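One-letter residues, chain by chain:
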Amino acid sequence: MQLVIFGGFLGSGKTSLILSLAHHLVNREGSDKPSLVILENEIGEVGIDNKVLQAGGFSVKELFAGCICCTLTADLVTTLNDLHEKVQPKWVIFEPTGLAYPKKIIETVNQYGKGIERIVVIGVVDAERWEELTEITPGLIEGQVSSGDLVLINKCDLVEPEALAMIREQVRGMNPKAEILEVSATSGIDTRIWGKVDEGSQA
Amino acid sequence: MKVLKRKTISLAPADQKRHHPSAEDLFHAPGESPAVYSITQAAQFPQVVAGTLVSAALVRCVEGIRDWAAHQRHLVGHIKVFVENENKDHLWLASTGKRINLQSSEGWEGASSANYQVHFTAIIFGPGQSHLEEVVAEHIQRELIALHS
Ligand SMILES: Nc1nc2c(ncn2[C@@H]2O[C@H](COP(=O)(O)OP(=O)(O)OP(=O)(O)O)[C@@H](O)[C@H]2O)c(=O)[nH]1
Ligand SMILES: [Mg+2]
């Protein structure tokens, strides 16, 4: 299984981007066995994102975690191991809450997860709220950005090019290794971007 | 109108040793953990109501909550709504405190129904839990009741 984790603050566009990636993967894989499962961990008793994704025709499982900051651990590992034993999807996409630190998730999965060949972490930045959020909650934003193998600066349709350049520079400062791309989930994502998630999976 | 489920999350699992994450744990910055109100509600009307009217009512509802939060200087984490009729036509509405985004299934605009399921989550930093519940529930009730006439 290839695990793709989307980290990013509340409302940054994780679910919107997952919809796009899921379409890309399903189209590319064709209609053989169930090749994609999406795991959702939402804040709030009622899942909204899982309904949005199910309406898109995807297979979604909800993880229940009582504590926003500890999030999951046990439930995520159990679910991943269960998927590995029973379903063996090629792809698992995981959307943690907007308050989660992806680093903690990666550590847990590396330690206890079975059958995971590769983990790709995508950091999602809300360009519209960048200034506000880096002021209010700098540690969390930096944690979410710094863990990304790929950082997507989302909602770039809503900010001026100069602001975007400044965001890019600050993101670069938080994560010198990652590829950083500017996107707009609601205007459509170039399939070449999802190709980056895909590449390496064919080996 | 019948309330099916009215629950809010607690920050710690009931069956586990309680963990009270500090603002520092959550944010590494001053602040609080958010208040969360999350509800599924059946909206049943005596007559069919057009999807477009339901959209407009829910936009007003989210606007009201957003404006209240702004006025109180609370930070909106995310307000999100998913509504569907019995034919699975649906509307997804969300706001992070500025504009309100709507996306809907193809059939939504032209559809009418007397029965809707409304799923609503508001995550807001600042207010007390019960105060948020009161404010959000009041906005939802007001807008849905207005559709009865
Ligand atoms: N203008 C614009 N709006 C966007 C973009 N991406 C997402 N949105 C909107 O932003 C809102 C939040 O997007 P989501 O995909 O739900 O964000 P999320 O990160 O999954 O949110 P949580 O799961 O609550 O943390 C939705 O109303 C989207 O339609 C974008 O690129 N441009
Ligand atoms: Mg989401």
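In this text, all values refer to a predicted model and were calculated from it rather than measured experimentally.

Asks: When you look at the site of ligand 1 in this model, what are you seeing that I'm missing?
Replies: Around ligand 1 lies a shell of 23 residues, among which K14, T15 and S16 of chain A together with H78 and K80 of chain B are the nearest. Those residues lying near ligand 1 are distributed over chains A and B. Contact distances for ligand 1 include 2.6 Å between an oxygen atom and a side-chain N or O atom of S16 of chain A. Within the backbone of A185 of chain A, one N or O atom sits 2.8 Å away from an oxygen atom of ligand 1. Of all the elements in the fold, those that place two or more residues in the shell around ligand 1 are α1 (14–29) of chain A together with β3 (75–85), β4 (90–95) and β5 (100–104) of chain B. The dominant element in the shell around ligand 1, judged by the number of residues it contributes, is α1 of chain A, at three residues. Tallied by class, the residues present in the shell around ligand 1 amount to six nonpolar, eleven polar and six charged.

Asks: Explain the packing of helix α3 (residues 74–86) of chain A against helix α4 (residues 102–112) of chain A to me, please; I cannot follow it from the model alone.
Replies: When two helices pack together, their arrangement is given by the angle between the helix axes and by the axis-to-axis distance. Residue and element names in this part refer to chain A. Running from N to C, α3 and α4 cross one another at 45°; their axes reach a closest spacing of 10 Å. Judged on the interaxial angle alone, α4 and α3 are oblique. Here α3 and α4 pass one another in a crossing that is right-handed. Contacts from L76, V77, L80 and N81 in α3 reach I105, T108, V109 and Y112 in α4. The residue inventory of the contact of α3 with α4, partitioned by class, reads six nonpolar, two polar and no charged.

Asks: Explain unusual backbone geometry to me, please; I cannot follow it from the model alone.
Replies: For residues besides glycine, phi is generally negative; the peptide bonds are generally trans as well. Residue and element names in this part refer to chain A. One non-glycine residue, Q88, lies in the positive phi region at around 45°. Looking at the secondary structure, you find Q88 in the loop between α3 and β4 (91–95). Residue Q88 is classed as partly exposed on the basis of its relative accessible area of 44%. Although it is not a glycine, K155 sits at a positive phi angle of roughly 65°. Residue placement: K155 occurs in the loop between β6 (150–154) and α7 (161–174).

Asks: Quick question: what am I supposed to make of the sheet that holds strand β1 (residues 2–8) of chain A here?
Replies: Whenever strands of a sheet pair, they do so through backbone hydrogen bonds, lying parallel or antiparallel. All names here are of chain A. Overall, parallel pairing links the seven strands, which are arranged β3-β2-β4-β1-β5-β6-β7 in an open sheet. Only two strands of the sheet have a single partner each, and these edge strands are β3 (60–62) and β7 (179–182). If you compare each strand with its neighbour and ignore which way they point, the axes differ by 20° on average. Bridging between β6 and β7 involves four bridges; their strand directions are parallel. In the strand pairing of β7, L152 is matched with L181. The strands touched by α3 are β1, β2 (36–40), β3 and β4; relative to β2, the strand with the most contacts, the crossing angle is about 170°.

Asks: What is the right way to look at the coordination of the magnesium ion (ligand 2) in this model?
Replies: Reference values for coordination geometry: four tetrahedral donors around a metal ideally subtend 109.5 degrees, six octahedral donors ideally subtend 90 or 180 degrees. Residues and elements named next belong to chain A. Surrounding the magnesium ion (ligand 2) are the protein donor atoms T15 (OG1), D49 (OD) and E95 (OE), at 2.0 to 2.1 Å. Donor residues for the magnesium ion (ligand 2), ordered by position in the chain, follow T-x33-D-x45-E. One end of the pair, T15, is in helix α1; the other, E95, is in strand β4, and 80 residues separate them in sequence. In this structure, T15 and E95 share a single accessibility class: buried.

About the cut-offs
- Residues numbered from 1 in each chain as written.
- Chains lettered and ligands numbered in written order.
- Predicted model: local features only at pLDDT ≥ 70, side-chain atom pairs only at ≥ 80, totals over all residues.
- Heavy atoms only, no water.
- Near = heavy atom within 4 Å.
- Polar contact = N/O pair within 3.5 Å; in protein donor to acceptor, adjacent residues only side chain to side chain.
- Helix = DSSP H or I, 4+ residues; strand = E, 2+ residues; numbered from the N terminus.
- Nonpolar A, V, L, I, M, F, W, Y, C, P; charged D, E, K, R; others polar.
- Axes fitted to C-alpha atoms, helices over the stretch in contact; angles between N-to-C directions.
- Parallel < 35°, antiparallel > 145°, perpendicular 65-115°, else oblique.
- Left-handed = near helix turned anticlockwise from the far one by under 90°.
- Contact = heavy atoms within 4.5 Å.
- Buried < 20%, exposed > 50% of the residue type's maximum accessible area, 1.4 Å probe, protein only.
- Pairing = 2+ DSSP bridges.
- Donors = N, O, S within 2.8 Å, 3.2 Å for Na, K, Ca; no water.

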